[in-house]
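An overview of the molecular structure
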Amino acid sequence: MPMITQPVADERSLLTFTQLDGDAEVAELLSAIQQLSLVRSLPEIQEIVRKAARRLTGADGATFVLREDGKCFYADEDAISPLWKGQRFAMDACISGWTMLNRKPALIKDIYADERVPHDAYRPTFVRSLAMVPIRQLDPLGAIGNYWAEQHEATAREVQLLQALADSTAVALENVRVYTELEKAHAETLHRLALAGEFRDDATYRHTARVAHVAALIAAKLGADEAFVSLIRRAAPLHDIGKLAVSDAILLKQDFLTSPEILHMRAHPECGAEILTGSASEVMKMAEEIALTHHEWWDGTGYPARLAQDQIPLSGRIVALADVFDALTHARPYKQPWSLDEAVQEIDHLSGKQFDPAVVSAFFELDEAELTPDPNEINDLAPGIHRPPEPETVVNST
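An account of the accompanying structure is given in this report. (Residues numbered from 1 in each chain as written. Predicted model: local features only at pLDDT ≥ 70, side-chain atom pairs only at ≥ 80, totals over all residues. Heavy atoms only, no water.)

Approximately 240 Å³ is the volume found for the second largest pocket. Broken down by secondary-structure element, the contributors of at least two residues to the lining of the second largest pocket are helix H3 (42–57), strand E1 (61–68) and helix H6 (156–198). Ranked by residue count, the leading element in the lining of the second largest pocket is H6, at five residues. A class-by-class count of the residues in the lining of the second largest pocket yields seven nonpolar, one polar and five charged. (1 Å grid on protein atoms, 1.4 Å probe; cavity = no way out; pocket = protein on both sides within 12 Å on 5 of 7 lines; lining within 4 Å. Points joined across faces, edges and corners; volume = space filled by probe spheres on them. Helix = DSSP H or I, 4+ residues; strand = E, 2+ residues; numbered from the N terminus. Nonpolar A, V, L, I, M, F, W, Y, C, P; charged D, E, K, R; others polar.)

See below:
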């Protein structure tokens, strides 16, 4: 039998979890189950499980294996030295595959005395003994493995605790799957709602996606956290949803708008906010905020409420600039596109008047490649910016 290098005792004392007593085991398991009930992503599940699996048994290592495309994917681990994180093996070539195929635990006191174990894969590791349990015994989704650096015969209690953790993991994985599907459905609903607002008067249906792209970049440059950046990226496409309430005679008019028509057009922020109001979704709440305020001006001369400076929500201030930038740099039935330099100069000119100077400064930190990405790289979402009431106020974008 080949020699296996053992960790130095002092190092192991720092890296190996102390096995818990009965009451502590129950508390640890309940804590893990409670945490798993709240997670919304696979990495969260993996972090909880890999730590809890070691603590429940005092093991020297734990691994989290997923069944993917007919293979065993060693997705995560927590151990005194590296195991197989990130690697994939055939189902019939590893013990986790055996556990899933047979839908029962594998308990091995001496890995070099068991023909189910691929010995060559274990020789570089510290492992001498293991216990592997399936994640969901009916049609397993994966497996949780515990490893010991010295020969250890897993007790019935240890297996029971590991299986309870695995069963809770199965529930958590299903919850994440359902949550992800709901998020996708929600995103598609937002996509289609935005597209409805754009459908009548933008031949490309890309305006709102570009606005969302630039708005997210500006938010990030302002130092906003990832949650805010993600929200504004998803909410910005709905900024002009209120134009669903504008008649085609006005929305599609090829000539300048009359004063009454301008007033009618300028009702669309309030109409949009009314369409979006009352939702418990954070995305919809921000979308309502943006729809209502993205035509307010920093100096208080915008509409509909003539808000000024910090009275205007940050999301509205950001989308206001992103909206105008896109209007300037893309063709409309009533105008040719401005060059990037011309648009940037106009935005600079309007800093402190139409736009928040801090938002303008963040915008100026973006480079040309970020401002003009490949259209195929931007999602095709849509409600757009359209006809201004007068040529000299094109940046007001109605």
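Strands sit in the order E3-E2-E1-E6-E5-E4 across an open sheet of six strands; the sheet is antiparallel. Sheet topology places strand E3 (88–90) and strand E4 (106–108) at the edges, where each strand pairs with a single neighbour. The average angle at which neighbouring strand axes cross in this sheet is 20°, direction not considered. Here E4 pairs with strand E5 (residues 129–135) via three bridges, running antiparallel. (Pairing = 2+ DSSP bridges. Axes fitted to C-alpha atoms, helices over the stretch in contact; angles between N-to-C directions.)

Residues Ile218, Ile232, Ile318, Leu321 and Phe363 are the most contacted members of the largest nonpolar core, which totals 40 residues. Secondary-structure elements contributing two or more residues to this core are helix H7 (207–221), helix H8 (226–235), helix H12 (282–293), helix H13 (314–329), helix H14 (340–349) and helix H15 (357–364). Here the element with the most residues in this core is H7; it accounts for eight residues. Excluding residues that lie within four positions of it along the chain, isoleucine 232 makes contacts with Ala215, Ala216, Ala219, Pro237, Met286, Ile290, Ser315, Ile318 and Val319. Judged by nonpolar contacts, the second largest core, of 31 residues, contains Leu29, Val49, Ala75 and Ala154. (Core = buried A, V, L, I, M, F, W, Y, C linked by side-chain atoms within 4.5 Å. Buried < 20%, exposed > 50% of the residue type's maximum accessible area, 1.4 Å probe, protein only. Contact = heavy atoms within 4.5 Å.)

A separate point is the packing of aromatic side chains. The tally for this structure, following the rule as stated, stands at six aromatic pairs. On the numbers, 5.7 Å between centres and 70° between planes, the contact of tyrosine 74 with tryptophan 84 is edge-to-face. Here tyrosine 74, found in strand E2 (residues 71–79), pairs with tryptophan 84, found in the loop between E2 and E3; they are ten residues apart in sequence, far enough to count as distant. Assessed through its relative accessible area of 6%, tryptophan 84 is described here as buried. Three or more aromatic residues joined by ring pairs make a cluster, and in this case those are Tyr74, Trp84, Phe89, Tyr122 and Tyr147. Lying over the aromatic face of tyrosine 179, arginine 40 brings its terminal NZ or CZ to 5.0 Å of the ring centre. Seen from the ring of tryptophan 98, arginine 116 lies directly overhead, with NZ or CZ sitting 4.4 Å from the centre. (Phe/Tyr/Trp six-rings, centres within 6.5 Å; stacked < 30°, edge-to-face > 60°. Lys NZ or Arg CZ within 6 Å of the ring centre and 35° of its normal.)

For the rest of this paragraph, the subject is a negative patch on the surface. A contiguous patch of negative charge, built from Asp341, Glu342, Asp367 and Glu368, is present on the exposed surface. Residue position: glutamate 342 is located in helix H14. The partly exposed category is assigned to glutamate 342, whose relative accessible area is 41%. (Patch = residues over 30% accessible without salt bridge, like charges linked within 9 Å, V, L, I, M, F, W, Y side chains within 5 Å. Areas by Shrake-Rupley, 256 points an atom, 1.4 Å probe, with all protein chains shown as cover. Salt bridge = Lys/Arg side-chain N within 4 Å of Asp/Glu carboxyl O. Lys, Arg positive; Asp, Glu negative; His and termini not counted. Charge placed at Lys NZ, Arg CZ, Asp CG, Glu CD.)

Further remarks concern a nonpolar patch on the surface. A grouping of Val26, Leu30 and Ile33 is seen on the molecular surface, where their side chains present a nonpolar patch of about 220 Å² in accessible area. With respect to the secondary-structure elements, valine 26 resides in helix H2 (residues 22–36).

Before going further, it helps to examine the packing of H8 against H12. Their axes nearest at 9 Å, the elements H8 and H12 cross at an angle of 65°. One way to sum up the angle between H8 and H12 is to call them roughly perpendicular. Seen from above, H8 lies across H12 with right-handed handedness. Across from Phe228, Leu231, Ile232, Arg234 and Ala235 in H8, the residues of H12 making contact are Glu282, Val283, Met286, Ala287 and Ile290. (Parallel < 35°, antiparallel > 145°, perpendicular 65-115°, else oblique. Left-handed = near helix turned anticlockwise from the far one by under 90°.)

This part is about the pairing of strand E6 (residues 142–148). Of all seven residues making up E6, seven are buried, and the element is well covered by its neighbours. Where burial is concerned, the two faces of E6 agree: the one with Gly142, Ile144, Asn146 and Trp148 and the one with Ala143, Gly145 and Tyr147 are both buried. In terms of strand pairing, E1 meets E6 through six bridges, oriented antiparallel. Residue pairing across strands places valine 65 opposite alanine 143, the latter belonging to E6.

For the rest of this paragraph, the subject is H13. Taking 1.5 Å of rise per residue, 16 residues should cover 22 Å, and H13 covers 23 Å from first to last C-alpha, within 8% of that figure. Among the 16 residues that make up H13, 15 are buried, leaving the element largely enclosed by the rest of the structure. (Expected span 1.5 Å × (residues − 1).)

Between its first and last C-alpha, H7 extends 21 Å over 15 residues, near the 21 Å set by a 1.5 Å rise per residue. Every buried residue of H7 is accounted for by His207, Thr208, Ala209, Arg210, Val211, Ala212, Val214, Ala215, Ala216, Leu217, Ile218 and Ala219. Residue glycine 223 follows H7 closely and has a positive phi angle near 90°.

This model, assessed by the stated rule, comprises 15 salt bridges. Across the salt bridge formed by arginine 210 and aspartate 326, the nearest N and O atoms sit 2.5 Å from each other. Of this pair, arginine 210 sits in helix H7 while aspartate 326 is found in helix H13, placing the two residues 116 residues apart along the sequence. In this pair, the class of arginine 210 matches that of aspartate 326, namely buried. Here the salt bridges do not stand alone but share partners, grouping Arg50, Asp76 and Lys85 into one network.

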